[in-house]
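# Commentary on secondary and tertiary structure
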Amino acid sequence: MVHFCGLLTLHREPVPLKSISVSVNIYEFVAGVSATLNYENEEKVPLEAFFVFPMDEDSAVYSFEALVDGKKIVAELQDKMKARTNYEKAISQGHQAFLLEGDSSSRDVFSCNVGNLQPGSKAAVTLKYVQELPLEADGALRFVLPAVLNPRYQFSGSSKDSCLNVKTPIVPVEDLPYTLSMVATIDSQHGIEKVQSNCPLSPTEYLGEDKTSAQVSLAAGHKFDRDVELLIYYNEVHTPSVVLEMGMPNMKPGHLMGDPSAMVSFYPNIPEDQPSNTCGEFIFLMDRSGSMQSPMSSQDTSQLRIQAAKETLILLLKSLPIGCYFNIYGFGSSYEACFPESVKYTQQTMEEALGRVKLMQADLGGTEILAPLQNIYRGPSIPGHPLQLFVFTDGEVTDTFSVIKEVRINRQKHRCFSFGIGEGTSTSLIKGIARASGGTSEFITGKDRMQSKAAETTGEVCLKYTLQGKTFEDKVTFPLQPKPDVNLTIHRLAAKSLLQTKDMGLRETPASDKKDALNLSLESGVISSFTAFIAINKELNKPVQGPLAHRDVPRPILLGASAPLKIKCQSGFRKALHSDRPPSASQPRGELMCYKAKTFQMDDYSLCGLISHKDQHSPGFGENHLVQLIYHQNANGSWDLNEDLAKILGMSLEEIMAAQPAELVDSSGWATILAVIWLHSNGKDLKCEWELLERKAVAWMRAHAGSTMPSVVKAAITFLKSSVDPAIFAF
């Protein structure tokens with residue numbers, strides 16, 4: 001590959017996009033983002049620049065404007081076809097024009113056209129959006145600025161009208177000719193404990209002694225090799241809150257944008273529940289397309305996407321309850337199943353499945369996910385075992401709306417829990433299929449872990465829920481005096497949420513919903529599949545002699561591999577295990593109330609590194625004893641007393657056998673108690689990754705040790721010289 005210096009494309013043409021600057025304002029659970037694309041025409045001819053970039057699928061884009069040589073031009077949201085026509089007409093008449101639109105096949109890809117940029121002219125194009133932020137299991141608020149856009153696979157019959165089909169230049173990240181800067185301001189009435197990131201940041205600057213406001217900046221030199229993630233920790237994240245917002249002053253009552261809107265945030269500290277022992281049919285759909293052989297990111301050379309997905313899958317297989325049913329599908333251009341139909345989870349079927357998973361490779365071609373989904377949905381249901389579908393994919397599909405539509409059609413049959421693998425995963429696909437079925441989504445990436453005075457009248461919101469026969473209640477009182485917000489943040493979020501239920505793209509949206517989606521988009525000012533922003537500078541009237549010189553802004557390609565893996569594999573899985581009822585179309589999303597596992601990272605291995613980084617086809621674990629211990633657990637939750645366990649414990653097999661209490665006849669019982677104590681002693685910081693395995697082990701011990709369990713546990717703790725509390729076995 002030829003490498004060029006300076007701001008040049010691969011055809012040695014100057015790149016008009018010079019920099020991207022982002023300002024983020026986070027208030028409680030909502031982010032407001034302003035992103036400015038700075039262009040400059042250094043050539044001697046007028047230019048048209050075309051830039052394709054990623055956005056989070058939950059982003060509500062509501063503003064687009066351009067500042068051209070000191071003149072501000074505010075865009076208008078129009079019907080998409082009308083906006084495109086007006087753009088072309090303006091260019092042909094010698095005017096300057098700017099067009100912003102979402103991709104026709106996916107909600108997480110946008111394109112920006114800058115037309116008739118005169119020689120020597122500078123233009124700053126700014127788009128604004130708001131987004132509700134998700135919470136991690138440990139209470140961290142997660143903001144992600146997408147920076148990586150991977151190529152998407154176009155399956156047969158998919159839309160040809162996607163901006164991803166345009167052959168824009170792709171260059172190594174080190175040769176990318178534009179820069180990224182970001183400043184984030186965070187405000188919370190509950191106080192800000194800390195801010196972490198997967199990218200280098202400036203030190204956190206607190207803007208007041210009470211630490212209710214803070215600011216961080218992205219360090220210079222970001223290479224677009226990973227999305228920029230912020231993890232914000234509030235001091236009182238479980239405290240409920242309500243924000244009441246005034247509507248548009250000139251809008252008639254009875255319209256979404258005219259009436260006051262309220263946003264209620266509940267994140268109750270719900271006690272841990274015990275999962276069902278046998279209920280559920282668990283089907284795992286594994287992406288084995290060629291793109292899964294790509295690295296997770298460009299930060300290291302140790303981890304491929306297919307490896308990360310296999311590691312997560314093996315951990316979930318080990319966590320299944322005895323008596324449930326399961327199956328594994330691999331898909332690419334074709335698909336294949338581990339078993340002809342779902343089988344009962346036993347030691348034998350688990351071992352057979354593990355053997356097949358270890359041999360899995362990214363060797364099935366393109367990302368044809370529709371066919372295996374349809375095959376799964378056609379299968380007969382198992383009485384008493386509601387279907388839970390787990391999808392592992394890098395999301396490199398062009399027409400995401402077709403896939404989401406298929407999942408939505410079958411939402412009464414199942415819940416879908418989706419895992420996006422690697423940097424640049426399609427948030428539209430991963431979040432969309434989970435939302436359509438009442439499931440949850442997670443992203444596995446290579447990265448570091450890390451009011452005004454009230455009026456007299458007030459309102460009250462109360463959340464009541466029952467768990468294990470106990471009733472819990474959370475209340476919040478708030479003033480009934482709406483706050484003015486020039487950005488109408490809550491109204492825009494509400495509009496975006498409604499649009500996500502109706503807007504399934506230009507091709508897949510039912511005719512009955514198209515008009516509603518278009519009208520809602522135009523009324524709220526939030527862009528949709530049917531609308532686009534168009535800005536025209538009519539003061540410029542210079543007819544173009546011949547066609548404009550077209551400049552496609554290059555995108556980065558990730559050539560390296562990943563950093564240590566951050567796993568969040570048990571979040572949606574735990575929710576599935578807790579569910580013993582079929583899905584309901586009317587079920588609320590409840591994102592903040594689902595059980596989510598904490599996430600951690602070690603320096604030398606992935607948390608669920610069940611496949612060796614040296615050889616992805618064999619379970620060679622090196623010195624990773626935690627992973628070895630998990631791998632050797634039996635399907636029923638027990639461990640066998642053998643040389644493998646002895647090596648993990650750092651003792652000889654003879655020494656362990658000699659210490660076995662006489663009252664415990666079964667050697668597997670002794671091995672299992674030792675293994676559980678070892679987990680609590682040596683892997684307590686990673687409990688979120690093995691707690692379901694441990695529950696199976698303890699349940700098995702209670703059934704087999706009986707009344708001898710307290711004395712045996714005491715003997716095991718003494719033997720291992722551990723300080724673990726015997727109460728972990730809940731005698």
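Right above here is the structure, for reference.
Described in the following lines is the structure provided in the data block. Remember, it's a predicted structure, so these values are computed and weren't measured experimentally.

## What to know about the sheet that holds strand β16 (residues 228–234)
With antiparallel pairing, three strands are arranged side by side in an open sheet as β10-β16-β13. The open sheet terminates on both sides in strands that have one partner only, identified here as β10 (140–145) and β13 (192–197). The average angle at which neighbouring strand axes cross in this sheet is 20°, direction not considered. Both β10 and β16 contribute to a ladder of six bridges, which runs antiparallel. Counterpart to Arg 142 in the pairing with β16 is Leu 231.

## Digging into helix α1 (residues 80–92)
If you check α1, its first and last C-alpha atoms are 19 Å apart, about what 13 residues at 1.5 Å a residue would give, namely 18 Å. Inspection of α1 places Lys 80, Ala 83, Tyr 87, Ala 90 and Ile 91 among the buried residues, and these make up the whole buried set. The buried side chains of α1 occupy one side of the element, clustering within an arc of 95° when seen end-on. What points out from α1, more than 90 degrees from its buried face, is the exposed set Thr 85, Glu 88 and Ser 92. Buried residues along α1 sit against β3 (47–54), β6 (76–79), β7 (96–102), β8 (109–117) and β28 (531–537). Measuring from the side-chain oxygen of the N-cap residue of α1 to the backbone nitrogen of Met 81 gives 3.0 Å; that N-cap residue is Asp 79.

## Looking at the sheet that holds strand β15 (residues 213–217)
Spatial ordering of the open sheet is given by β5-β4-β9-β2-β1-β12-β15-β14, a layout of eight strands whose pairing is mixed. Every other strand in the sheet has two partners, leaving β5 (71–74) and β14 (205–206) as the edge strands with one partner each. Seen against the sheet, helix α7 (residues 489–502) touches β2 (30–40), β4 (60–68) and β9 (122–132) and runs at an angle of roughly 75° to β9.

## Things to note about helix α3 (residues 347–359)
Its 13 residues give α3 an end-to-end C-alpha distance of 19 Å, which sits within 8% of 18 Å, the value for a rise of 1.5 Å per residue. For α3, the set of buried residues is Thr 349, Met 350, Ala 353, Leu 354, Val 357 and Lys 358. Where α3 is buried, its residues meet α2 (305–319), β20 (325–331), β22 (343–344) and α11 (625–631).

## Side note on the packing of helix α5 (residues 400–409) against helix α6 (residues 427–437)
At a closest axis distance of 8 Å, the pairing of α5 and α6 adopts a crossing angle of 15°. By the angle between their axes, α5 is roughly parallel relative to α6. Seen along the crossing, α5 lies across α6 with a hand that is right-handed. Facing Thr 400, Val 403, Ile 404, Val 407 and Arg 408 of α5, the residues of α6 in contact are Ser 428, Leu 429, Gly 432, Ile 433, Ala 436 and Ser 437. Classifying every residue of the contact of α5 with α6 gives six nonpolar, four polar and one charged.

## Re empty space enclosed by the protein
As a volume, the largest cavity reaches approximately 280 Å³. Residue lining of the largest cavity: 21 residues in total, with Ile 20, Phe 53, Pro 54, Pro 146 and Phe 224 positioned closest to the centre. Element by element, the count of residues in the lining of the largest cavity is highest for β3, at four residues. Here the residues of the lining of the largest cavity are counted per class, giving 20 nonpolar, no polar and one charged. When its volume is computed, the second largest cavity comes out at roughly 150 Å³.

## Let's talk about the environment of Ala 140
Structurally, the position occupied by Ala 140 is in strand β10. Looking at Ala 140, the relative accessible area reads 0%, which means it is buried. When the C-alpha positions of Ala 140 and Gln 196 are compared, they lie 9.3 Å apart, and in sequence the two are 56 residues distant. Apart from residues no more than four positions distant in its own chain, Ala 140 is found in contact with Pro 134, Leu 135, Leu 231, Ile 232 and Tyr 233.

## Overview of unusual backbone geometry
Residues other than glycine seldom take positive phi values, yet Glu 28 does so here, at roughly 55°. Inspection of the secondary structure assignment puts Glu 28 in the loop between β1 (17–27) and β2. The class of Glu 28 is buried, set by a relative accessible area of 4%. The backbone phi angle of Lys 721 is positive, close to 55°, even though this residue is not glycine. Within the secondary structure, Lys 721 is located in the segment after α16 (709–719). Judged by its relative accessible area of 79%, Lys 721 is exposed.

The rules we used
Residues numbered from 1 in each chain as written. Predicted model: local features only at pLDDT ≥ 70, side-chain atom pairs only at ≥ 80, totals over all residues. Heavy atoms only, no water. Pairing = 2+ DSSP bridges. Helix = DSSP H or I, 4+ residues; strand = E, 2+ residues; numbered from the N terminus. Axes fitted to C-alpha atoms, helices over the stretch in contact; angles between N-to-C directions. Expected span 1.5 Å × (residues − 1). Buried < 20%, exposed > 50% of the residue type's maximum accessible area, 1.4 Å probe, protein only. Arc of directions from axis to C-beta. Contact = heavy atoms within 4.5 Å. Polar contact = N/O pair within 3.5 Å; in protein donor to acceptor, adjacent residues only side chain to side chain. Parallel < 35°, antiparallel > 145°, perpendicular 65-115°, else oblique. Left-handed = near helix turned anticlockwise from the far one by under 90°. Nonpolar A, V, L, I, M, F, W, Y, C, P; charged D, E, K, R; others polar. 1 Å grid on protein atoms, 1.4 Å probe; cavity = no way out; pocket = protein on both sides within 12 Å on 5 of 7 lines; lining within 4 Å. Points joined across faces, edges and corners; volume = space filled by probe spheres on them.

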